Amino acid sequence: MRFLLESEHTDLADSIDSMLTRADLPAVVRSWNDGDRGPGLAVWARLADTGVTALLIDEASGGFGAGALEMVVAAEQLGRHCVPGPVAETIGAVPTLLTATDRTDLLEALASGELATLAIPDDVPYAADSDAATHRLLLDGTTLSAGDVVSTHASVDRARTVSVLAPADTVATDLDGTAAFDHGALATAAQLLGLASQMLAMSGAYAITRTQFGRPIGSFQAIKHHLADVAIAVEMARPLVHGAALALDGSVPAGGDASRDVSAAKVAAGQAAYLASRVGLQTLGAIGYTQEHDLSLYLTKTRALLTAWGTPALHRARVLRSVTAHVGAP
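Basis of the calculations
Residues numbered from 1 in each chain as written. Predicted model: local features only at pLDDT ≥ 70, side-chain atom pairs only at ≥ 80, totals over all residues. Heavy atoms only, no water. Phe/Tyr/Trp six-rings, centres within 6.5 Å; stacked < 30°, edge-to-face > 60°. Helix = DSSP H or I, 4+ residues; strand = E, 2+ residues; numbered from the N terminus. Buried < 20%, exposed > 50% of the residue type's maximum accessible area, 1.4 Å probe, protein only. Pairing = 2+ DSSP bridges. Contact = heavy atoms within 4.5 Å. Expected span 1.5 Å × (residues − 1). Axes fitted to C-alpha atoms, helices over the stretch in contact; angles between N-to-C directions. Parallel < 35°, antiparallel > 145°, perpendicular 65-115°, else oblique. Left-handed = near helix turned anticlockwise from the far one by under 90°. Nonpolar A, V, L, I, M, F, W, Y, C, P; charged D, E, K, R; others polar.

A.B. asks: How should I be thinking about the packing of aromatic side chains in this particular structure?
C.D. replies: In this description, an aromatic ring pair is defined by two values, namely the gap between the centres and the angle between the planes. As enumerated under the stated definition, the model contains one aromatic pair in all. Plain terms: the ring middles of Phe181 and Trp309 are 5.9 Å apart, the flat faces sit at 45° to each other, and that makes the pair tilted. One end of the pair, Phe181, is in helix α7 (residues 178–209); the other, Trp309, is in the loop between α10 (295–305) and α11 (312–326), and 128 residues separate them in sequence. Assessed through its relative accessible area of 6%, Phe181 is described here as buried. Trp309 gets classed as buried once you look at its relative accessible area, which sits at 3%.

Rendered as structure tokens:
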């Protein structure tokens, strides 16, 4: 199985990266933290123009009919730039769920750039960023409903809120939420991969410029080895994320388990991002967790996304169940 990206995927990543770099995302995130959603929503409008919100939506509904691989390429860049808002829900879970319904109006709205959030008790008990989302949905069992906000709570990530939803008008019935959960979890894994990559870049840049005892601190083994461990963790997680995307797109060997692959990717990406956050804080020292330094934005988002769309324990349990079921299989 091939895990290298094709040129169209690298072009997509480069296009998103270039657009987000020009947008000065740290300033956008800080505005979002202070309650000003305007700059962040303007970024989402440009992402919609790039086609990010329409990747998983079919052409008949105004989308591109792309797959999970394109989704993770985009989500990694959104993570690398710390884009605020319901990323996994808008570009992954909700389009996947609505594709199984006749609600082309909602799919067209997402393709045009409207944001959506989703709760799926018990695995995804809270809807992220309901205050920024135009569409708030609740999948309870097999019934998809519009969601009324019961209560909203702050997150460790100041750019993220979580809300409890109650069912309102029914949108669709007899739905299987497995694919939506897998796409949401995988989009979150890709975000974590992007967060880890950027924290590693920040740490490496600081280690080159910061001197101690007349030498850059990056020349000391204690720093070099930690940064190397992060680099290895990131590069070990990336093929798992891409492999899970291929599995969701149907490019999986006979007897494969796409949900298991998604869970393995979520665990590996989460571990890489957590390690990158710890090493980043150790490398930069106390300045790294001050609100004035950009690393703090990545530290808190990493902490929030580690348990979003399934805790590490949930995903490890899914992997274990799959492996156990296949023990002794030919």
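A.B. asks: For this particular structure, what's the right way to read the pairing of strand β5 (residues 161–172)?
C.D. replies: Put simply, side chains in a regular strand alternate between the two faces of the sheet. Here strand β2 (residues 127–128) runs beside β5; their pairing, made up of two bridges, is antiparallel. Residue pairing for β5: Ala128 is matched across the bridge by Val162. Of the pairings in the sheet, the one linking strand β4 (residues 143–154) to β5 comprises nine bridges and is antiparallel in character. Residue His153 lies in a different strand from β5, and its bridge partner there is Val162. From the end of β4 to the start of β5, which pair antiparallel, there are six residues.

A.B. asks: Got a minute to help me understand the side chain of His81 in this structure?
C.D. replies: Relative to the assigned elements, His81 resides in the loop between α4 (68–80) and α5 (87–99). Under the relative-accessibility criterion, His81 is labelled buried at 11%. Sequence-distant contacts of His81, that is, excluding residues within four places in its chain, are made with Asp17, Leu20, Thr21, Leu25 and Tyr298.

A.B. asks: Sorry if this is basic, but what is going on with helix α3 (residues 38–50) here?
C.D. replies: With 13 residues, α3 extends 19 Å from end C-alpha to end C-alpha; this agrees with the ideal 18 Å at 1.5 Å per step. Residues of α3 that are buried make contact with α1 (7–22), α2 (25–33), α4, α5 and α6 (104–111). Following α3 by one or two positions, Gly51 has its phi on the positive side, about 100°.

A.B. asks: Explanation requested: the packing of helix α8 (residues 221–248) against helix α9 (residues 258–284) in the structure shown.
C.D. replies: Each pair of packed helices can be described by the angle between their axes along with the distance between the axes. The N-to-C vectors of α8 and α9 enclose an angle of 155°; their axes lie 8 Å apart at closest approach. For the element pair α8 / α9, the angle class is roughly antiparallel. Of the two possible hands of crossing, α8 and α9 adopt the one that is left-handed. Facing α8, whose interface residues are His226, Leu227, Asp229, Val230, Ala233, Val234, Ala237, Leu240, Val241, Ala244, Ala247 and Leu248, α9 presents Ala258, Asp261, Val262, Ala264, Ala265, Ala268, Ala269, Ala272, Leu275, Ala276, Val279 and Thr283. The residue inventory of the contact of α8 with α9, partitioned by class, reads 20 nonpolar, two polar and two charged.

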